[in-house]
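Commentary on secondary and tertiary structure
In case you want the letters, here they are:
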Amino acid sequence: MASYTRKQLEAWIKDKKVSGNVLDIGGSQLPIKDRVQYDKDTNFRILDLKNPHEEKAKPEIICDLNNHFAVSGKDVDSFDYAVCLEVSEYWWNPVQALTNIWQYLKPGGTLLISFHFIYPVHRPIDEDCLRYTRPGVRKLLEKTGFKIKDIVSRKSQYNITSFLKEEGMRPAQGYDFHGDVGVLVEAIKI
């Protein structure tokens, strides 16, 4: 059974239309091709680890985005879209990962990306590293050369703010997103 946040993600992504060259980051487990709208001449390429923890489709580009690497000449600035869903929690070096993605995108290219703020550790356990606040997402994307076009809250079906109060935690006043469990972002390479 899919989680509530997975259902939100799938509803969000099915309304997105991509075209041209699309980089499917982490797509070996659940390729994006059948989850988005696209033109018939759209070209999808999967970027993933050499040994992804689950592989339903073979990656054409093999790399770990956490590491600094030189994007090969034919791939620099060659993608119109990069789709990176449910991958960011595996980054231990998010600035480098987003910098690498930036290199793949054409100027003005679009990044569709998901971030969790609250989610349990999941497989592979030793690779699950980070969660992201909305301000953290903004800062990461801006510092790596992206401009956010749209940001959508991921919500829990339960009242997170009640939990925070019951725990005696003090959420910052003037911040309207304490109920978020993550965000879905559309950003543009600048």
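Structure report, in brief. (Residues numbered from 1 in each chain as written. Predicted model: local features only at pLDDT ≥ 70, side-chain atom pairs only at ≥ 80, totals over all residues. Heavy atoms only, no water.)

**Digging into the sheet that holds strand 5 (residues 61-62)**
Read across the sheet, 7 strands follow the order 5-4-2-6-7-9-8 without closing on themselves; strand pairing throughout is mixed. Only two strands of the sheet have a single partner each, and these edge strands are strand 5 and strand 8 (146-155). Where strand 6 (residues 79-84) lies against strand 7 (residues 105-116), 5 bridges are found, and the strand directions are parallel. Looking at the pairing, Ala82 lines up with Leu111 of strand 7. Those strands touched by helix 2 (residues 94-104) are strand 2 (21-25), strand 4 (43-48), strand 5, strand 6, strand 7, strand 8 and strand 9 (180-189), and its axis lies near 145° from that of strand 7. (Pairing = 2+ DSSP bridges. Helix = DSSP H or I, 4+ residues; strand = E, 2+ residues; numbered from the N terminus. Contact = heavy atoms within 4.5 Å. Axes fitted to C-alpha atoms, helices over the stretch in contact; angles between N-to-C directions.)

**Focus: the packing of aromatic side chains**
Centre distance and the angle of the planes are the two values used to describe a pair of aromatic rings. Considering all chains together, one arrives at 4 aromatic pairs under this definition. With a centroid separation of 4.9 Å and an interplanar angle of 80°, the aromatic rings of Tyr38 and Phe44 are classed as edge-to-face. The class for Tyr38 is partly exposed, based on a relative accessible area of 30%. For Phe44, a relative accessible area of 15% puts it in the buried group. Seen from their ring centres, Tyr175 and Phe177 are 5.5 Å apart, and the 75° between their planes marks the pair as edge-to-face. What makes Phe177 partly exposed here is its relative accessible area of 30%. In this structure, Arg134 is placed above the aromatic ring of Phe177, and the distance from its NZ or CZ to the ring centre is 3.7 Å. One Lys or Arg, Lys189, reaches over the ring of Trp102 and ends 3.9 Å from the middle of that ring. (Phe/Tyr/Trp six-rings, centres within 6.5 Å; stacked < 30°, edge-to-face > 60°. Buried < 20%, exposed > 50% of the residue type's maximum accessible area, 1.4 Å probe, protein only. Lys NZ or Arg CZ within 6 Å of the ring centre and 35° of its normal.)

**What about helix 3 (residues 134-143)?**
Among all positions of helix 3, only Arg134, Val137, Leu140 and Leu141 are buried. The buried side chains of helix 3 occupy one side of the element, clustering within an arc of 125° when seen end-on. Exposed residues lying more than 90 degrees from the buried face of helix 3 are Lys139 and Lys143. Contacts from the buried residues of helix 3 go to helix 2, strand 7, strand 8 and strand 9. Residue Thr133 occupies the N-cap position of helix 3, its side-chain oxygen lying 3.0 Å from the main-chain nitrogen of Gly136. Of the residues one or two after helix 3, Gly145 is the one with positive phi, at around 95°. (Arc of directions from axis to C-beta. Polar contact = N/O pair within 3.5 Å; in protein donor to acceptor, adjacent residues only side chain to side chain.)

**A few points about the nonpolar core**
Grouped together as the largest cluster of nonpolar side chains are 31 residues, with contacts concentrated most on Leu65, Trp91, Ile101, Tyr104, Leu111, Leu141 and Val185. Leu9, Trp12, Val22 and Ile32 belong to the second largest nonpolar core, which has 13 residues in total. (Core = buried A, V, L, I, M, F, W, Y, C linked by side-chain atoms within 4.5 Å.)

**Here's the deal with the state of the cysteines**
Going through the model one piece at a time under the given rule, you end up with 0 disulfides. Between Cys63, a cysteine without a disulfide, and Cys84, which holds the nearest cysteine sulfur, the sulfur-to-sulfur distance is 11 Å. Among the residues examined, Cys84 registers a relative accessible area of 0% and is labelled buried. (Disulfide = S-S within 2.5 Å.)

**Describing the pairing of strand 4**
The element strand 4 is extensively covered by neighbouring structure, given that 5 of its 6 residues are classed as buried. One ladder, built from 5 bridges, connects strand 2 with strand 4; its direction is parallel. Residue Asn21 lies in a different strand from strand 4, and its bridge partner there is Asn43. Examined bridge by bridge, strand 4 and strand 5 share 2 bridges and lie parallel to one another. Paired with Leu47 across the two strands is Ile61, which belongs to strand 5.

**Remarks on the pattern of salt bridges**
Under the counting rule described, the total for this entry stands at 12 salt bridges. Here Asp77 makes a salt bridge to Lys189, at a shortest N to O gap of 2.7 Å. Of this pair, Asp77 sits in the loop between strand 5 and strand 6 while Lys189 sits in strand 9, and the two are 112 residues apart along the sequence. Under the relative-accessibility criterion, Lys189 is labelled buried at 4%. The partner of Arg154 in a salt bridge is Glu86, and the shortest N-O contact between them spans 3.1 Å. Of this pair, Arg154 sits in strand 8 while Glu86 sits in the loop between strand 6 and helix 2; the two residues are 68 residues apart in sequence, bridging distant segments of the chain. Taken as a pair, Arg154 and Glu86 share a single burial class, namely buried. (Salt bridge = Lys/Arg side-chain N within 4 Å of Asp/Glu carboxyl O.)

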